[in-house]
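Architecture at a glance
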Amino acid sequence: MADNTQQTGLVTEVPQERGVQGDGGANRAAQSLFPTYARYPIALVKGEGSWLWDDQGNKYLDLMCGLAVTNLGHSPKAVRDQLVAQLDELWHVSNLFHIPNQERLAALLTANSCANHVFFCNSGAEANEAAIKLARRYNKKVLGRDRYEMITFERSFHGRTLATLTATGQEKVKEGFDPLPQGFLTVPMGDLDALKSAVSDKTAAIMLELVQAEGGVHPIDSGFLQQVRALCDEHDLLLIIDEIQTGMGRTGKLFAYEHYGIEPDIFTLAKGLGSGFPIGAMLGKAKLKEAFSAGSHGSTFGGTPLATRAALATLETMLTESVPQQAAETGAYLMKRLDEELAGNPFVKQVRGQGLMIGIECAKPVGELVEEGQRQGVLFVTAGPNVIRLLPNLLLTREEAEQGIAVLSGILAKKAAEAVQS
Ligand SMILES: *Cc1c(COP(=O)(O)O)cnc(C)c1O
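Each chain has its residues counted from 1, running along the sequence as written. Residue-level local features of this predicted model are given only where pLDDT is at least 70; pairs of side-chain atoms are given and counted only at 80 or more, and the full residue set underlies all totals for whole chains, interfaces and linings. Processing note: side-chain calculations cover all non-hydrogen atoms of the structure and skip hydrogens and water entirely.

Any Phe, Tyr or Trp ring, taking Trp's six-membered ring, that has another such ring centre within 6.5 Å forms a pair; planes under 30 degrees apart are called stacked, those over 60 apart edge-to-face, and the others tilted. A complete count under the given rule lists four aromatic pairs for this structure. Relative to Y257, the ring of F255 lies with its centre 6.2 Å away and its plane at 5°, an arrangement referred to as stacked. Summary of the burial criterion: residues with accessible area below 20% of their type's maximum are buried, those above 50% are exposed, and those between are partly exposed, where the area comes from a 1.4 Å probe applied to protein chains only. Using a relative accessible area of 4% as the deciding quantity, one classes Y257 as buried. Ring pairs connect the aromatic residues F255, Y257 and F267, which therefore count as one cluster. Any Lys NZ or Arg CZ that is within 6 Å of a ring centre and within 35 degrees of that ring's normal is treated as a charge sitting over the ring. The aromatic ring of W51 is capped on one face by K59, whose charged end is 4.5 Å from the ring centroid. Seen from the ring of Y333, R398 lies directly overhead, with NZ or CZ sitting 4.5 Å from the centre.

Axis angles are defined between N-to-C directions and span 0 to 180 degrees, where every axis is a line fitted to C-alpha atoms and, for a helix, only to the segment in contact. Each helix corresponds to a stretch of at least 4 residues labelled H or I by DSSP, and each strand to a stretch of at least 2 residues labelled E; elements are numbered beginning at the N terminus. For the pair helix α4 (residues 77-89) and helix α10 (residues 305-320), interaxial distance at closest approach is 9 Å and the crossing angle is 155°. On the basis of the axis angle, α4 is roughly antiparallel to α10. Here α4 and α10 pass one another in a crossing that is right-handed. Where α4 approaches α10, its residues A78, V79, Q82, L83, A85, Q86, L87 and E89 are matched on the opposing element by P305, L306, R309, A310, A313, T314 and T317. Of the residues in the contact of α4 with α10, the class split is nine nonpolar, four polar and two charged. These descriptions rest on fixed angle ranges, namely under 35 degrees for roughly parallel, over 145 for roughly antiparallel, 65 to 115 for roughly perpendicular, and the rest for oblique. Helix crossings are classified by the rotation of the near helix relative to the far one: an anticlockwise turn of less than a right angle makes the crossing left-handed, while a clockwise turn makes it right-handed. Only heavy atoms enter the contact rule, under which two residues are in contact if any of them lie within 4.5 Å. Note on residue categories: nonpolar means Ala, Val, Leu, Ile, Met, Phe, Trp, Tyr, Cys or Pro, charged means Asp, Glu, Lys or Arg, and polar means any other residue, Gly included.

The full set of residues close to the ligand is S123, G124, A125, N128, F157, H158, G159, E209, D242, I244, Q245 and K271. The term polar contact refers here to a pair of N or O atoms within 3.5 Å; inside protein, the definition further demands a hydrogen-donor-capable atom paired with an acceptor-capable atom, and it admits residues adjacent in sequence only when both atoms are side-chain atoms. A125 is positioned with one of its backbone polar atoms (N or O) 2.7 Å from an oxygen atom of the ligand. Within the backbone of F157, a nitrogen or oxygen atom sits 3.2 Å from a nitrogen atom of the ligand. Accessible surface area values rest on a Shrake-Rupley calculation with a 1.4 Å probe, where residue burial reflects the displayed protein chains alone. Contact with the protein chains removes 82% of the 380 Å² of surface that the ligand exposes when unbound. Considering each element in turn, the shell around the ligand owes the most residues, three residues, to helix α6 (residues 124-142). Residue classes in the shell around the ligand are distributed as three nonpolar, six polar and three charged. Being near a molecule or strand, for a residue, means having at least one of its heavy atoms within 4 Å of it.

Our next topic: the sheet that holds strand β12 (residues 280-284). Backbone-to-backbone hydrogen bonds join strands into a sheet, with any given pair of strands oriented parallel or antiparallel. The strand order β4-β12-β11-β10-β7-β5-β6 describes an open sheet built from seven strands, whose pairing is mixed. The open sheet has two edge strands, β4 (117-121) and β6 (184-187), and neither has a second partner. Taken pair by pair, the neighbouring strands of this sheet meet at an average axis angle of 20°, ignoring direction. Strand pairing follows a simple DSSP-based rule, namely that at least 2 bridges must link the two strands. Relative to strand β10 (residues 238-242), strand β7 (residues 203-208) runs parallel, the two sharing four bridges. Along β10, the bridge assignment pairs M207 with I240. Against the sheet, α6 makes contact with β4, β5 (149-153), β6, β7, β10, β11 (266-269) and β12, and its axis sits at roughly 160° relative to β11, the strand it touches most. Here helix α9 (residues 222-235) sits on the sheet and contacts β5, β7 and β10; the angle it forms with β7, its principal contact strand, is near 160°.

Right, let's talk about the UniProt feature "binding site: N(2)-acetyl-L-ornithine" (unreviewed entry) in the protein chain for a bit. UniProt positions are given in the numbering used here, feature names are shortened, and annotations may be inferred rather than shown by experiment. Taking the numbering used here, the UniProt-annotated feature "binding site: N(2)-acetyl-L-ornithine" (unreviewed entry) corresponds to R160 and S299. Following the sequence through the fold, R160 ends up in the loop between β5 and α7 (162-167). Excluding its chain neighbours within four sequence positions, the residues that come into contact with R160 are A125, L165 and V173. For S299, a relative accessible area of 17% gives the class buried. If near-sequence neighbours (up to four positions away) are discounted, S299 is found in contact with N95, F119, F120, C121, N122 and E126.

Moving on, we get to unusual backbone geometry. A cis amide bond links D178 with the next residue in sequence, P179, at an omega value of -5°. Relative to the helices and strands, P179 is located in the loop between α7 and β6. Even without being glycine, L67 reaches a positive phi, approximately 65°. Among the residues examined, L67 registers a relative accessible area of 29% and is labelled partly exposed. Positive phi, normally seen in glycine, also occurs at S75, with a value near 50°. Within the element layout of this structure, S75 appears in the loop between α3 (65-68) and α4. Here S75 falls in the exposed class, since its relative accessible area comes to 51%.

Moving on: the nonpolar core. L195, I206, L208, L338, I360, I388 and L412 are the most contacted members of the largest nonpolar core, which has 82 residues in total. At eight residues, α10 tops the list of elements feeding residues into this core. Annotation comment: domain bounds sourced from an automatic or database domain assignment. Each of domain 1 (16-74 + 323-421) and domain 2 (77-320) contributes no fewer than three residues to this core. What L412 contacts, discounting residues up to four positions off in sequence, is L342, N345, F347, V348, I360, C362, L369 and I388. Grouped together as the second largest cluster of nonpolar side chains are 22 residues, A130, Y138, M150 and F184 included. We define the nonpolar core as a collection of buried residues of types Ala, Val, Leu, Ile, Met, Phe, Trp, Tyr and Cys that are connected through side-chain atoms lying within 4.5 Å of one another.

What follows is the structure, given as structure tokens:
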């Protein structure tokens with residue numbers, strides 16, 4: 001190998017200093033990657049169900065699921081078996097051909113939702129990007145009107161492409177990326193008057209999350225959502241619901257909009273859709289079909305045989321094993337137990353959420369508590385500076401839930417005691 005390298009000038013093996021094992025990943029990440037993430041000094045190398053192992057052999061209870069991705073836990077057997085079978089058949093073909101897995105997945109998604117048509121892509125941002133493009137084109141091509149503006153909400157998160165970061169209601173994701181695309185307005189969540197005054201003869205759509213996830217785990221007010229739907233109907237605006245984090249059983253229904261007795265015109269999925277295999281989807285009602293035609297939108301990797309097989313197996317498992325129902329029950333249990341354990345803790349201000357998307361709002365920043373959790377073998381994340389966010393897999397057992405609660409309540413009790421002393 002070394003001789004060959006000298007002859008060709010090619011480096012055929014990962015250089016030693018960039019592939020150090022046992023350094024928690026710090027060395028590797030620091031040297032060859034753009035520094036877009038603040039990484040913890042842990043390298044996870046194996047996962048099974050609710051559990052993860054690092055390269056030092058430490059075991060962790062996973063209460064974050066790669067940010068609401070591994071909703072069936074790590075390496076769920078049903079999905080794994082389907083993926084392995086597909087690996088032996090066919091990985092990739094162009095969308096210039098029929099892809100049976102893709103068509104079956106679209107049919108199963110539409111049979112279980114208010115949507116009639118699906119476009120597949122690879123990520124959440126791409127799914128929202130497709131929704132924005134569809135809303136604009138529907139107005140121009142189908143309704144024949146010059147409307148392109150999208151209204152979104154403060155504290156929202158819709159992705160990192162130029163259009164979706166512009167749609168996002170948080171300044172920090174926009175910093176340094178000017179000039180941003182035109183046609184996006186942001187109003188305070190829950191403020192109907194502000195929303196009404198933002199609607200103009202340029203408005204094409206309103207886009208929102210039903211639980212603002214990255215923004216701090218804030219469930220939407222049901223009455224407000226009904227008013228938004230009514231406003232959309234009144235002005236013929238499209239209601240786009242970003243279900244990228246709330247979808248695929250996370251909130252206790254397959255899709256979170258089912259809790260509210262309303263239907264979106266468009267909704268988007270990604271995170272939990274493929275159990276960790278990258279796939280996104282934009283789903284819409286029948287009236288939107290004619291807005292897209294051959295060549296108007298596309299994606300090389302959108303809906304490959306492999307990705308759609310992973311999503312099909314995920315969705316079939318969720319449906320046959322009533323996974324959303326299990327998530328609702330485990331979510332109610334977790335919420336009740338957290339309320340009990342954290343009652344009277346002065347550091348904890350509120351426990352809120354829906355299903356298995358739970359936020360614990362604290363009096364002060366909680367970043368260091370995440371690392372304390374890691375030291376005690378439990379992984380969770382934040383949502384904004386003061387909120388601990390729990391996103392366990394939807395098949396979490398009561399015993400696992402209790403293990404997580406014990407560590408969390410211990411950490412929060414210690415924090416409360418420190419606050420009293422200082
Ligand atoms: C994660 C997320 C996105 C972006 O998804 P990516 O796959 O990271 O592009 C968009 N909207 C919501 C609500 C999300 O949680």
